[in-house]
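# Observations on the three-dimensional arrangement
Read off the chains here:
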Amino acid sequence: MNTTTDLKVVYFPSCINRSMGKNSFQSADDLQLTELTHKLLVRAGFTIIYPKSIDSHCCGMPFSSKGFAEANHTQCEALETALLKASENGKYPVLYDMSPCFYHSKEAFSEALKIVDPIEFMLDYAMPNLTVKNKKDTVAVFPVCSVKKIGKMEQLLALSQICANNVTIIDSNCCGFAGDRGFLIPELNEHGLRDLKSQIPANCKEGFSTSRTCEIGLEKMSGIDFKSIFYLIEEVTR
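Scope of this entry: the structure provided in the associated data block. (Residues numbered from 1 in each chain as written. Predicted model: local features only at pLDDT ≥ 70, side-chain atom pairs only at ≥ 80, totals over all residues. Heavy atoms only, no water.)

This brings us to the nonpolar core. Leu41, Phe46, Phe121, Met122, Phe142, Leu159 and Ile233 are the most contacted members of the largest nonpolar core, which has 50 residues in total. Residue assignment for this core shows that the elements contributing at least two residues are β1 (8–12), α2 (33–43), α6 (118–126), β5 (136–141), α8 (153–163), β6 (164–169), α12 (212–222) and α13 (229–236). (Core = buried A, V, L, I, M, F, W, Y, C linked by side-chain atoms within 4.5 Å. Buried < 20%, exposed > 50% of the residue type's maximum accessible area, 1.4 Å probe, protein only. Helix = DSSP H or I, 4+ residues; strand = E, 2+ residues; numbered from the N terminus.)

What follows covers the side chain of Ser209. Within the secondary structure, Ser209 is located in strand β7 (residues 206–209). The class of Ser209 is buried, set by a relative accessible area of 1%. Those residues within four positions of Ser209 in sequence are excluded, and the remaining contacts are Phe142, Val144, Glu215, Leu218, Lys227, Ser228 and Ile229. (Contact = heavy atoms within 4.5 Å.)

Read across the sheet, four strands follow the order β2-β1-β3-β4 without closing on themselves; strand pairing throughout is parallel. Across the chains shown, the open sheet's two edge strands, defined by having one partner strand only, are β2 (47–49) and β4 (115–116). As judged from the three bridges shared by β1 and strand β3 (residues 94–96), these two strands associate in the parallel manner. In the sheet register, Val10 faces β3, and the bridge partner there is Val94. Where α2 meets the sheet, its contacts fall on β1, β2 and β3, and the angle it forms with β1 comes to roughly 175°. (Pairing = 2+ DSSP bridges. Axes fitted to C-alpha atoms, helices over the stretch in contact; angles between N-to-C directions.)

Before going further, it helps to spend a moment on the environment of Thr131. With respect to the helices and strands, Thr131 occurs in the loop between α6 and β5. When the C-alpha positions of Thr131 and Ile233 are compared, they lie 9.9 Å apart, and in sequence the two are 102 residues distant. Contacts of Thr131, omitting those with residues within four sequence positions, involve Val236 and Thr237.

Time to look at the packing of α8 against α13. Two elements in contact, α8 and α13, have axes whose closest approach is 9 Å; the angle formed by their N-to-C orientations is 30°. As far as their axial angle goes, α13 and α8 are roughly parallel. Judged by the sense of rotation from one axis to the other, the crossing of α8 with α13 is left-handed. Judged by residue contacts, Leu156, Leu159, Ser160 and Cys163 of α8 engage Ile229, Leu232, Ile233 and Val236 from α13. (Parallel < 35°, antiparallel > 145°, perpendicular 65-115°, else oblique. Left-handed = near helix turned anticlockwise from the far one by under 90°.)

To continue, consider unusual backbone geometry. Even without glycine at this site, Glu88 takes up a positive phi of about 55°. Relative to the helices and strands, Glu88 resides in the loop between α4 (69–86) and β3. Judged by its relative accessible area of 45%, Glu88 is partly exposed. Phi at Asn89 takes a positive value of approximately 60°, unusual for a residue other than glycine. Look at Asn89 and you get exposed, because its relative accessible area is 63%.

Turning our eyes to something else, we now look at the side chain of Ser160. Assignment of secondary structure puts Ser160 in helix α8. Residue contacts for Ser160: discarding those within four places in its chain leaves Val141, Val167 and Ile229.

It is worth spelling out the sheet that holds strand β8 (residues 225–228) at this point. Read across the sheet, four strands follow the order β6-β5-β7-β8 without closing on themselves; strand pairing throughout is parallel. Bordering the open sheet on either side are β6 and β8, each of which pairs with just one other strand. Direction aside, neighbouring strands of the sheet carry axes that sit 35° apart on average. Strand direction decides the pairing type here: β7 and β8, joined by four bridges, are parallel. Bridged to Phe208 within β8 is Lys227. In the packing of α8 onto the sheet, the strands contacted are β5 and β6, and the crossing angle to β6 comes to about 145°.

Throughout the structure, instances matching the rule amount to 14 salt bridges. Between Glu120 and Lys152 there is a salt bridge; the shortest N-O distance is 3.4 Å. Here Glu120, found in helix α6, pairs with Lys152, found in the loop between α7 (145–149) and α8; they are 32 residues apart in sequence, far enough to count as distant. Overall, Glu120 belongs to the buried group, its relative accessible area being 17%. On the basis of relative accessible area, Lys152 is assigned to the buried category, the value being 14%. Glu234 is the salt-bridge partner of Arg238, the closest N and O atoms lying 2.7 Å from each other. A relative accessible area of 52% means that Arg238 is categorised as exposed. On the basis of relative accessible area, Glu234 is assigned to the buried category, the value being 2%. (Salt bridge = Lys/Arg side-chain N within 4 Å of Asp/Glu carboxyl O.)

Just geometry here; none of it tells us what the structure is for.
Next up, the structure:
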């Protein structure tokens, strides 16, 4: 992607990131993730294309995880159709801002679309066009389950180390939030992250991930600011 013409991306903000807003550590002046991502993509030189009727679209995972197969199929099909149109039948990459949504769509879509997870997009597409000006000292990073499933652990570490001198990768099989289960059964989250605090260095005040609901559980169990890794990239390249 070296020419101006190539620097186009279809941005699909997940319904969770469109609806759940900011965390309790963020100020009124902080941008919500969808606005921040738009700003970051523009800084990296991209022209952004949004699917039409975006508020009606969802990857379908909330239905699938509860056994509503027909609703999941309907949502998946509608989203793929919208993304094919927005990307001119796969001419441009499609950025997902949540790893679990990317994983769900990747399993369901045809191969005509070039959908890209948040880690790969930032590492391979955006960072080459950005300049790191204010590298962080110490951050914690949590690889969500879908990051492990798609094999992006090394890329997540590499992306984090571009932005911070000291990166602690949180070691946990699963945070236990499991979509929205953490809202209903907080004990799952408490058990999944029972060793979280002991892994975070005393001077670390910020953590980053690629799933909004996981970040809600991580914030609750760590007591530090946990949000999308897009915030880290935006801040150090500002």
